[in-house]
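Fold and geometry: a report
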Amino acid sequence: MSQAEFYQRDRERHPPALTPDYKTSVMRSPRAALISLQQSVSEITGPVFGHNDIDPIDNDLIHNYAKDGESAIGERIIMHGRVLDENGRPVPNTLVEAWQANAGGRYRHKKDTYLAPVDPNFGGCGRTITDENGYYFFRTVKPGAYPWRNWVNNWRPAHIHLSVFGTSFSQRLITQCYFEGDPLIAKCPIVKTIPTQDGIDSLVAALDLNATVPLDSIAYKFDIVLRGRRSTLFENRLEGN
Amino acid sequence: MVQKLDYLKETPSQTAGPYVHIGLAPGAAGFDIYRQELGWDIAGPNAKGERIRVEGIVIDGTGNPVKDVLIETWQANADGVYAHPESEGEVEEGFRGWGRVITDFETGEWGFDTVKPGPVKARKSLGTGPLHPPAHAGDDWLGRGDEGHEDMAPHINLWIVARGINIGLNTRLYFDDEAEANAKDPVLNLIEWHNRRPTLIAKRSERDGKVVYRFDIRLQGEGETVFFDI
């Protein structure tokens, strides 16, 4: 039975808690330093999901909330990629959840009051479980940009929110996926909470013409990397740990 | 120049944003889409142990409730076993030990029902540090020793996301009726400032014959909850 720990999180790759240009973070960020833990069974385990938890339609946002015979309005896209760990190994059978605004930049949420209309055939959420190669895909419409109150005139670039579990609670991750070529990426205070350009680039999905469905949907590829894990220690073989 | 290490880098976190409910709890966003939402039943019908409710509020640096927060919970069963293949032992059928908790949008109050977890086996020497660690050094907050291998007091692991939180915050909830176990807990003992330890202890009371623990989380400032880098 393996009890190996996961590599420590590279905090220089993630946004810090306090990022003043993203104003909401100012009063919601701890001031004390995080206490670093060596991992116990509480951290190296996490919830396990199976195909009984979800339905096959759940990853098709074009149809999973649409009336029979109808579909969501917008640019039809396939968002696909793999969930990997830092060792480059696929993470199979893990739950991936997605949510987004509709093509007009409006969320189906009782707290969203943006003037763009709700699409009656679009819920805006999906979920799937990676296959044995860590592969996942969603069928959806490309979300629209939308304004938000930060400075008086901020616009979020088009983005899809993604939630991923991995195999342990310490791998839990929520992020956002942006789209190649969007000029709003470089102007967004939330994107710019990420301290490095390399980190920002890793959140931009690439146009993937090879994966398009001709005369149907354009495709973007977005790989997700979760924390990697040490190999199990064998007392007679200390290398590799 | 040297050779390149061929590790990949972890995908950076981004805030869950104000509309996190659409993805993780669409009913709360105001619509019904899935056959079943995940995380509403933490313990299932067959779990043994004491049935409890946990309630609280998340408070920001101005002292106001955070009304759009989402919390995930991860806990062992009453025997201290996690529903995961790497936790030694069995859990009851239907026990997942994982939950999703959302707030009342008006008040920021949240709550969840579960069973009280049991003590959890100590971490082993996991291949880091000395193979035969020295005896636990007590208040060794300089952290140059191994954390020690006492069993952990009953606890629930929490992960907190919201608009304005750039990367999910990890903390632990312990129980105030477990004072003896808490005093020996290797994680609580790692917190150098004794006066911060109580921020992780939920307070037990009874209401209408039900056991309720109160656990408020302060994101910032006086009484700031201890958060962990796990």
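Fair warning: this is a prediction, and the values are worked out from it, not measured in the lab.

Glancing now at the overall build of chain B. Broken down by element type, chain B carries three helices and 10 strands. Going through the 230 residues of chain B one by one, you find that 57% of them count as buried. In chain B, once contacts between residues fewer than 6 apart in sequence are set aside, the share between residues at least 24 apart is 70%. Element-wise, carbon and sulfur atoms account for 50% of the exposed surface of chain B, whose accessible area totals about 10,000 Å².

Moving on to the UniProt feature "domain: Protocatechuate 3,4-dioxygenase beta subunit N-terminal" (unreviewed entry) in chain A. The UniProt feature table records "domain: Protocatechuate 3,4-dioxygenase beta subunit N-terminal" (unreviewed entry) at residues 7-40 of chain A. Annotated as residues 7-40 of chain A, this span is 0% helix and 6% strand, and its ends, taken at the C-alpha atoms, are 13 Å apart.

A separate point is the interface of chain B and chain A. Accessible area lost during the coming together of the parts is what is often quoted as the interface size. Opposite the 86 residues of chain B that make contact, chain A presents 98 residues. Of the roughly 8,300 Å² buried where chain B meets chain A, counting both sides, 56% is carbon and sulfur surface. Together, Glu10(B), Gln14(B) and Ile230(B) form the three largest contributors to the area buried by chain B at its contact with chain A, with a combined 11%. Viewed at the interface, chain A and chain B are joined by 10 salt bridges. With its nearest N and O atoms 2.7 Å apart, the salt bridge here joins Arg172(A) to Glu72(B). Connecting chain B to chain A are 52 residue pairs in polar contact (both at pLDDT 80 or more). A breakdown of the residues in the side of chain B that touches chain A according to their chemical character gives 42 nonpolar, 21 polar and 23 charged. Bridging between strand β1 (residues 35-36) of chain A and strand β10 (residues 228-229) of chain B involves two bridges; their strand directions are parallel. Looking across to β10(B), one finds that Ile35(A) is bridged to Phe228(B).

Our next topic: the side chain of Arg123(B). Locating Arg123(B) in the fold gives a position in the loop between β4 (109-115) and β5 (155-161). Residue Arg123(B) is classed as buried on the basis of its relative accessible area of 5%. Separated by 2.9 Å, the side chains of Arg123(B) and Glu5(A) make a polar contact. Within the structure, Arg123(B) has its side chain in polar contact with the backbone oxygen of Gln39(A) (distance 3.2 Å).

Attention shifts here to the pairing of strand β3 (residues 98-102) of chain B. The element β3(B) is extensively covered by neighbouring structure, given that five of its five residues are classed as buried. Neither face of β3(B) is open: one carries Trp98(B), Arg100(B) and Ile102(B), the other Gly99(B) and Val101(B), and all of them are buried.

Attention shifts here to the UniProt feature "domain: Intradiol ring-cleavage dioxygenases" (unreviewed entry) in chain A. In the numbering used here, UniProt assigns the "domain: Intradiol ring-cleavage dioxygenases" (unreviewed entry) feature to residues 44-228 of chain A. Helix makes up 3% of residues 44-228 of chain A and strand 31%, whereas the separation of the span's terminal C-alpha atoms amounts to 11 Å.

A few words now on the packing of aromatic side chains. By the definition in use, this model includes 15 aromatic pairs over all chains. One Lys or Arg, Arg108(A), reaches over the ring of Phe31(B) and ends 6.0 Å from the middle of that ring. Taking the ring centre of Tyr34(B) as reference, the NZ or CZ of Arg127(A) above it sits at 3.6 Å.

What follows covers the pairing of β5(B). Residue and element names in this part refer to chain B. Among the seven residues in β5, seven count as buried, and that is most of the element. Across the two faces of β5 the burial is the same, with His155, Asn157, Trp159 and Val161 and Ile156, Leu158 and Ile160 all buried. For strand β2 (residues 70-75) and β5, the ladder comprises six bridges, and the chain directions are antiparallel. Looking at β5, one finds that Thr73 is bridged to Leu158. Where β5 lies against strand β6 (residues 169-175), six bridges are found, and the strand directions are antiparallel. Bridged to His155 within β6 is Tyr174.

A word on unusual backbone geometry. Of note in the backbone geometry, Leu215(A) takes a positive phi value of approximately 65 degrees without being a glycine. Judged by its relative accessible area of 95%, Leu215(A) is exposed.

All names here are of chain A. For Leu184, the location among the structural elements is in the loop between β9 (173-179) and α2 (197-201). For the pair formed by Leu184 and Ala145, sequence separation is 39 residues and the distance between their alpha carbons is 8.4 Å. Every residue in contact with Leu184, bar those within four places of it in the chain, is listed here: Ala145, Trp155, Arg156 and Pro157.

What counts and what doesn't
Residues numbered from 1 in each chain as written. Chains lettered and ligands numbered in written order. Predicted model: local features only at pLDDT ≥ 70, side-chain atom pairs only at ≥ 80, totals over all residues. Heavy atoms only, no water. Helix = DSSP H or I, 4+ residues; strand = E, 2+ residues; numbered from the N terminus. Buried < 20%, exposed > 50% of the residue type's maximum accessible area, 1.4 Å probe, protein only. Contact = heavy atoms within 4.5 Å. Areas by Shrake-Rupley, 256 points an atom, 1.4 Å probe, with all protein chains shown as cover. UniProt positions renumbered as here; feature names shortened; annotations may be inferred. Buried area = accessible area lost by both parts, 1.4 Å probe. Salt bridge = Lys/Arg side-chain N within 4 Å of Asp/Glu carboxyl O. Polar contact = N/O pair within 3.5 Å; in protein donor to acceptor, adjacent residues only side chain to side chain. Nonpolar A, V, L, I, M, F, W, Y, C, P; charged D, E, K, R; others polar. Pairing = 2+ DSSP bridges. Phe/Tyr/Trp six-rings, centres within 6.5 Å; stacked < 30°, edge-to-face > 60°. Lys NZ or Arg CZ within 6 Å of the ring centre and 35° of its normal.

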